[in-house]
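Report on the structure
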Amino acid sequence: MLSSPFVEDVSVPIDADAPGATLSIRAWRVRGDGTGPRVHLQAGLHADEIPGMLVLHLLLPRLVAAAEAGHLKGTITVVPQANPLGAGQFAQGRILGRYHFQTNRNFNRGFPDSVAAGGVGSAFVSWQARLASLARHADIVLDLHTDDEAVPYLYLHTGFWPAGRDLAVALGTELVILWEGDSGGAFEEVVIDPWLAESRLDGRLVSTIELRGQADVDETTAQADADGLYAFLCARGVIDAPATLPAWTGTVAPMGHMETVTAPQAGLIVFDVPLGAEVAAGTRFARIITRPGDPASEIPLVAPQAGRLVTRYRDRLIPRGDIAAKFACEGPSSTWSSGALDP
């Protein structure tokens, strides 16, 4: 337990499906003097996306120290492990936290429906509504995720661009993906919908932050990310401390310019180019060996158009139909029409 007069345990219970079971979302609220923006930080909404959990674990004591020193102007809610349902979903020694075992629902879809239902229903519905309630008064909401293997990047609604450049700079991300419309009911959507209805986006921000890949969990990287978030909070006036952020020189890609390449067959996948590489249209970036030992079984994967390799499939034995890679491109995608980028 954190012990400070500036920190309040605001953990919320959720309904559990199993008789007699109790679950809760562990959360802490660090209180400033009330003159700055209100912030909500969370990680692990997809329970198998680990890096953000360590980032917030490292950041929280620093936020408490800022409050105790009288430098915290805003109030910050921190949820280091947002998904108690998925956190226990181990199968054959591996955490499988993208989908809910009982319902096969993506943990980051359907939030508006669960909120509209008042959290009444299954444990899944209860959890989504309670998590959303922790962020309902915030002006800045940052949801820390990861991809399989990826360069760091941000999802931002078009209404927050270019104002959100300070977040990209602070975190050192070189790619921002802009979205609008329907995101499949992601957490980000349930936060922004009331703001859009009020036409009040000034001074506010919500972003899904993709912190590289699921295996990128180490102290040095996490500390750098925590430092970046701290600098961003200073720049936004949440913390009263100097913050000078340089100009941003990265790439902006509308959601509709993201190319997704799926595996036409199952097999051993071998990548030819590293993450972040710029690839010309038609260039082979990987191959799938469907029958190891048979050279004729190799299937080349090529870039649909010129672009930057943003994500790669983490395991090296890929099922048929799974996403092998995604590219950020200058032209419209041939594979995306609307909705969320991933299922």
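Quantities reported herein were computed from a predicted structural model and do not represent experimental measurements.

The space that makes up the largest pocket amounts to roughly 1100 Å³. Together, 46 residues line the largest pocket, and Arg98, Tyr99, Asp148, Asp342 and Pro343 are the ones closest to its centre. Element by element, the count of residues in the lining of the largest pocket is highest for strand β9 (residues 140-147), at three residues. When grouped by side-chain class, the residues that make up the lining of the largest pocket number 18 nonpolar, eleven polar and 17 charged.

In the structure shown here, the tally under the stated rule is 19 salt bridges. The closest approach of N and O atoms between Asp227 and Arg62, which form a salt bridge, is 2.9 Å. One end of the pair, Asp227, is in helix α6 (residues 219-235); the other, Arg62, is in helix α1 (residues 51-68), and 165 residues separate them in sequence. A relative accessible area of 35% means that Asp227 is categorised as partly exposed. A relative accessible area of 36% means that Arg62 is categorised as partly exposed. Among the ionic pairs, Arg316 bridges to Glu149, the shortest N-O distance being 3.1 Å. Here Glu149 lies in strand β10 (residues 149-150) and Arg316 lies in the loop between β20 (307-312) and β21 (317-318), a separation of 167 residues in the sequence. Using a relative accessible area of 18% as the deciding quantity, one classes Glu149 as buried.

As a general feature of sheets, a regular strand has side chains that alternate between the two faces. Counted residue by residue, strand β13 (residues 205-213) has nine buried out of nine residues, so it is predominantly covered. The sheet contact formed by β9 and β13 spans seven bridges and is parallel. Directly across from Val141, in β13, lies its bridge partner Val206. As paired elements, strand β11 (residues 153-157) and β13 share four bridges and run antiparallel to each other. Within β13, the residue paired with Leu156 across the bridge is Ser207.

Reading across from one edge, β19-β18-β16-β21 is the order of the four strands in this open sheet, with antiparallel pairing throughout. Pairing within the sheet leaves two strands with one partner each, and these edge strands are β19 (298-302) and β21. Across five bridges, the pairing between strand β18 (residues 284-289) and β19 is antiparallel. The residue bridging Arg284 from the neighbouring strand is Val302, located in β19.

Structurally, the chain comprises domain 1 (7-249) and domain 2 (255-329). In this complex, domain 1 contributes 14 residues to the contact, which on the side of domain 2 involves 15 residues. For the pair domain 1 and domain 2, the summed buried surface comes to about 1300 Å²; carbon and sulfur atoms form 52% of the total. Counting every contact that joins domain 1 to domain 2 gives five salt bridges. For the pair domain 1 and domain 2, the number of links is nine residue pairs in polar contact (both at pLDDT 80 or more). At the level of secondary structure, the elements contributing two or more residues to the side of domain 1 that touches domain 2 comprise β10, β11 and β12 (175-179). Tallied by class, the residues present in the side of domain 1 that touches domain 2 amount to eight nonpolar, one polar and five charged.

Let us now look at the packing of aromatic side chains. Following the criterion strictly, the structure yields nine aromatic pairs and no others. When the centroid spacing of 5.8 Å and the interplanar angle of 55 degrees are considered together, the rings of Phe111 and Trp127 count as tilted. Of this pair, Phe111 sits in helix α2 (residues 111-116) while Trp127 sits in helix α3 (residues 123-134), and the two are 16 residues apart along the sequence. Exposure remark for Phe111: the relative accessible area of 0% places this residue in the buried category. We classify Trp127 as buried; its relative accessible area is 0%. Summarising the aromatic geometry, the rings of Phe111 and Phe187 are spaced 5.3 Å apart at their centres and angled 80 degrees between planes, so their arrangement reads as edge-to-face. With Phe111 in helix α2 and Phe187 in helix α5 (residues 187-198), this residue pair connects regions lying 76 residues apart in the sequence. Three or more aromatic residues joined by ring pairs form one cluster here, namely Phe107, Phe111, Phe124, Trp127 and Phe187.

Rules of the game
Residues numbered from 1 in each chain as written. Predicted model: local features only at pLDDT ≥ 70, side-chain atom pairs only at ≥ 80, totals over all residues. Heavy atoms only, no water. 1 Å grid on protein atoms, 1.4 Å probe; cavity = no way out; pocket = protein on both sides within 12 Å on 5 of 7 lines; lining within 4 Å. Points joined across faces, edges and corners; volume = space filled by probe spheres on them. Helix = DSSP H or I, 4+ residues; strand = E, 2+ residues; numbered from the N terminus. Nonpolar A, V, L, I, M, F, W, Y, C, P; charged D, E, K, R; others polar. Salt bridge = Lys/Arg side-chain N within 4 Å of Asp/Glu carboxyl O. Buried < 20%, exposed > 50% of the residue type's maximum accessible area, 1.4 Å probe, protein only. Pairing = 2+ DSSP bridges. Domains from an automatic or database assignment. Contact = heavy atoms within 4.5 Å. Buried area = accessible area lost by both parts, 1.4 Å probe. Polar contact = N/O pair within 3.5 Å; in protein donor to acceptor, adjacent residues only side chain to side chain. Phe/Tyr/Trp six-rings, centres within 6.5 Å; stacked < 30°, edge-to-face > 60°.

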